[in-house]
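If you want the building blocks of each chain, they are given just below.
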Amino acid sequence: MERATGGMDRPSAAGGRAPARAEPSPSRTLPRSRTVTVRLDRRALRGWHIRLLDQLGQRPDHRIRVAWVDHAGGLPPNAELLFRLEATIHGLPRPGLATAAEPVALASYEASPAGEELRSSGAQDLVLDLSSAPAEPGSAPAWRLDYDGMPGEAGLLAALFAHGAPVAALRGADGKPVALGRLGAESHTVMLAAFEGYLARTITLILAALDGAASTELPDGAGAPLQPATAYDLGGLGARRRAAGGLARQIARRLYALCFHGPHWRVGWRRIVGPDLIDLRRHPEGGWQVLPDDGRRFYADPFAIARHGAVTLFVEEFDYRRGKGVIAAVGFGETGPRGRPEPVLELETHLSYPFVFEADGQVWMIPESHASGTIDLYRATDFPRGWVHEAVLLDGVVAGDATLLQQNGRWWMFATVRAGGGSYSDTLHLWHAPHFRGPWTPHRHNPVLIDIGSARAAGPIVARDGGLIRPVQDCREGYGAALGLARILRLDEEAYAQRVETRLRPGAAWPGTRLHMLSAAGGFEFIDGSHRARTRLLG
């Protein structure tokens, strides 16, 4: 489980199994020497524009030019006050993607005042309009950016204050989307962290659209119709009240909440009598029993495997005193767990999501360890307690919740990837291989999905009635807020598509604030999630 709200996405050298190298990029489908004109507001330039232009400028098949406009748009001035206060209170690094920048930073991109040179030469194949100025007529296709149908960064900030998971859209002149993505952040508590996370993923969406790899619809069919642009002011949203309240009180309250009253994760289990959760599409009548803990640790990310007539449950065990996760295991008998989970795999880095599977007559595990910048394969030498590192399947990638599927003679790997900042949970990448050991080839249309509501895995993919059901995390209301069941509609080297059919939330049968995972084996079914805050035992 990854619950960070900020930080860099570069893999850490500590704990890594192999030197990180950049993942091979899929072949480009766009013509060489394509000229992209990026239209920017001179008075509303920010760090994310600089990062976007830098990434575009590294592409040999694109020629990037900047057209400046002078328009009094963008965020209101008091937004910067809010960001500065939050950066001070929460220790966030600045400058960042939301920090104001000077136009001189883009001088190398042949900037032309008001785009006059470009209009006269006609040498533009596409206009990427990121300004808040009115659209200009022209012969080249133009894309404009909006969030939930509201243009520009003001639309994004408005959506965040409305506690939503905004749909970002790039639209052509006719208003039809050329790229859609439901963006996400692990937390909306700190507005600056969420805002910069969404900006980072906006860059991902734009790059995918230029590669021809972006989706024009979301798995649940949702969209975001255009809305008239409206002024948005933070004056009534508490920026001044935050300053008057005093930084010391806010820091003290935040530290107290983090240390003593954070959400406590737990694993639920039941014997399957009748239909399972995938067939029920609701919580069972009898509810769930909770895997007990001692209050000094929590259990999460349940993965069950049935072997030789016995069921073994693997979980992430997070000891508050250690401050990191390890992989633990416990056997299940007819009446439930036989004892308490015991650690079976620990590294210097945090471990979670122990994807366990059987193949070639042996048991294998792919635990998440995104801090190492690798996706690693382990083999059981003394099941379930002994494990040896077998191979690095992928390196140079910050990936979450890698999940394998064998289908039609090939192996597929699903994982959410954090590149250029942003959320760990909203960008789905695929790889395929002839064998689970590899070599793994990235899907030509990665990222195949940008959707905070259904990108991240929530357990193993299940074959059911001739189809494939993929449990997914719905993080629109926060990390692991709800469990989705998505039917895979297409999975091949040319495309991927899924449709979310069911969303399950906590309720009377599973009280709490999160419903996060689903796994089943040997007549048992397991879920996890967090319940309401309680005092932690740290001693």
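To keep things clear, this report deals only with the structure shown in the data block. These numbers were taken from a predicted model, which means no experiment stands behind them.

Rules and cut-offs
Residues numbered from 1 in each chain as written. Predicted model: local features only at pLDDT ≥ 70, side-chain atom pairs only at ≥ 80, totals over all residues. Heavy atoms only, no water. Helix = DSSP H or I, 4+ residues; strand = E, 2+ residues; numbered from the N terminus. Contact = heavy atoms within 4.5 Å. Areas by Shrake-Rupley, 256 points an atom, 1.4 Å probe, with all protein chains shown as cover. Phe/Tyr/Trp six-rings, centres within 6.5 Å; stacked < 30°, edge-to-face > 60°. Buried < 20%, exposed > 50% of the residue type's maximum accessible area, 1.4 Å probe, protein only. Lys NZ or Arg CZ within 6 Å of the ring centre and 35° of its normal. Polar contact = N/O pair within 3.5 Å; in protein donor to acceptor, adjacent residues only side chain to side chain. Salt bridge = Lys/Arg side-chain N within 4 Å of Asp/Glu carboxyl O. Axes fitted to C-alpha atoms, helices over the stretch in contact; angles between N-to-C directions. Parallel < 35°, antiparallel > 145°, perpendicular 65-115°, else oblique. Left-handed = near helix turned anticlockwise from the far one by under 90°. Nonpolar A, V, L, I, M, F, W, Y, C, P; charged D, E, K, R; others polar. Pairing = 2+ DSSP bridges. 1 Å grid on protein atoms, 1.4 Å probe; cavity = no way out; pocket = protein on both sides within 12 Å on 5 of 7 lines; lining within 4 Å. Points joined across faces, edges and corners; volume = space filled by probe spheres on them.

Turning our eyes to something else, we now look at the overall build of the protein. When helices and strands are tallied, the protein shows eight helices and 30 strands. Restricting to contacts in the protein with at least 6 residues of sequence separation, those with at least 24 account for 63%. In the structure as shown, the protein presents an accessible area of about 22,300 Å², 52% of it carried by carbon and sulfur atoms.

The next subject is the packing of aromatic side chains. What describes a pair of aromatic rings is the distance from one ring centre to the other and the angle between the planes of the rings. One pass over the full model with this rule turns up 19 aromatic pairs. Where Trp 269 meets Phe 332, the ring centres are 5.5 Å apart and the plane angle is 80°; that geometry is what we call edge-to-face. Of this pair, Trp 269 sits in strand E9 (residues 264-271) while Phe 332 sits in strand E13 (residues 324-333); the two residues are 63 residues apart in sequence, bridging distant segments of the chain. Residue classification places Phe 332 among the buried positions, given a relative accessible area of 4%. Feature note: the residues Phe 303, Tyr 353, Phe 355, Phe 357, Trp 364, Trp 411 and Phe 436 constitute an aromatic cluster, connected by ring pairs. In this structure, Arg 266 is placed above the aromatic ring of Trp 510, and the distance from its NZ or CZ to the ring centre is 4.2 Å. Lying across the ring of Trp 288, Arg 270 places its NZ or CZ 5.6 Å from the centre.

Here we come to the environment of Arg 94. With respect to the element layout, Arg 94 can be found in the loop between helix H2 (78-90) and strand E3 (112-113). Spatially, the C-alpha atom of Arg 94 lies 8.8 Å from that of Arg 84, the residues being ten residues apart in sequence. If we skip the residues at most four places from it in the chain, Arg 94 touches Glu 80, Phe 83, Arg 84, Ala 87, Thr 99 and Leu 192. Polar side-chain contacts of Arg 94 include one of 3.1 Å to the side chain of Thr 99.

As enumerated under the stated definition, the model contains 31 salt bridges in all. For Asp 451, the salt bridge identified is with Arg 182, shortest N-O distance 2.5 Å. A residue pair is termed long-range when its members are at least 10 positions apart, and Asp 451 in the loop between strand E24 (449-450) and strand E25 (462-464) and Arg 182 in strand E8 (residues 177-182) qualify at 269 residues. Each of the two residues, Asp 451 as well as Arg 182, counts as buried. Its salt-bridge partner being Glu 493, residue Arg 410 comes within 3.8 Å of it at the nearest N-O pair. Here Glu 493 lies in the loop between strand E27 (482-491) and strand E28 (496-504) and Arg 410 lies in strand E21 (residues 410-417), a separation of 83 residues in the sequence. By relative accessible area, which is 24% here, Arg 410 ends up partly exposed. Taking the relative accessible area as the measure of exposure, Glu 493 reaches 38% and is therefore partly exposed. One salt-bridge network, in which partners are shared between bridges, spans Arg 281, Arg 487, Arg 499 and Glu 501.

Turning to the packing of helix H1 (residues 47-57) against helix H5 (residues 191-210), a few remarks are in order. At a minimum axis distance of 10 Å, the contact between H1 and H5 shows a crossing angle of 30°. What the angle tells us is that H1 and H5 run roughly parallel. Taken as a pair, H1 and H5 cross one another with a handedness that is right-handed. Touching Trp 48, Arg 51, Leu 52, Gln 55 and Leu 56 of H1 are Leu 199, Thr 202, Ile 203, Ile 206, Leu 207 and Leu 210, all from H5. Counted by class, the contact of H1 with H5 contains eight nonpolar, two polar and one charged residues.

Moving residue by residue along a regular strand, the side chains alternate between the two faces of the sheet. Most of strand E12 (residues 310-319) is tucked away, with nine of its ten residues classed as buried. Relative to E12, strand E11 (residues 297-307) runs antiparallel, the two being bridged by nine bridges. Looking at the pairing, Ala 300 lines up with Glu 316 of E12. Joining the antiparallel neighbours E11 and E12 is a turn of two residues, in which His 308 adopts a positive phi near 55°.

Within a sheet, neighbouring strands are paired by backbone hydrogen bonds and run either parallel or antiparallel to one another. With antiparallel pairing, four strands are arranged side by side in an open sheet as E10-E9-E30-E29. Each end of this open sheet is capped by a strand with a single partner; those strands are strand E10 (289-290) and strand E29 (517-521). As defined by bridge partners, E29 adjoins strand E30 (residues 524-531) across five bridges and the pair is classed as antiparallel. When the bridges of E30 are listed, Ser 519 appears paired with Phe 526.

A few words now on empty space enclosed by the protein. Taken as a whole and assessed by the stated rule, the structure comprises two cavities of 30 Å³ or more. Estimates place the volume of the largest cavity at around 50 Å³. Lining the largest cavity we find Ile 366, Pro 367, Glu 368, Ser 369, His 370, Thr 374, Ile 375, Asp 376, Ala 399, Gly 400, Asp 401 and Ala 402. Among the secondary structure elements, those contributing two or more residues to the lining of the largest cavity are strand E17 (362-368), strand E18 (374-382) and strand E20 (399-407). For the lining of the largest cavity, the leading source of residues is E20, giving four residues. By residue class, the composition of the lining of the largest cavity is five nonpolar, four polar and three charged. Reported here for the second largest cavity is a volume of approximately 30 Å³.

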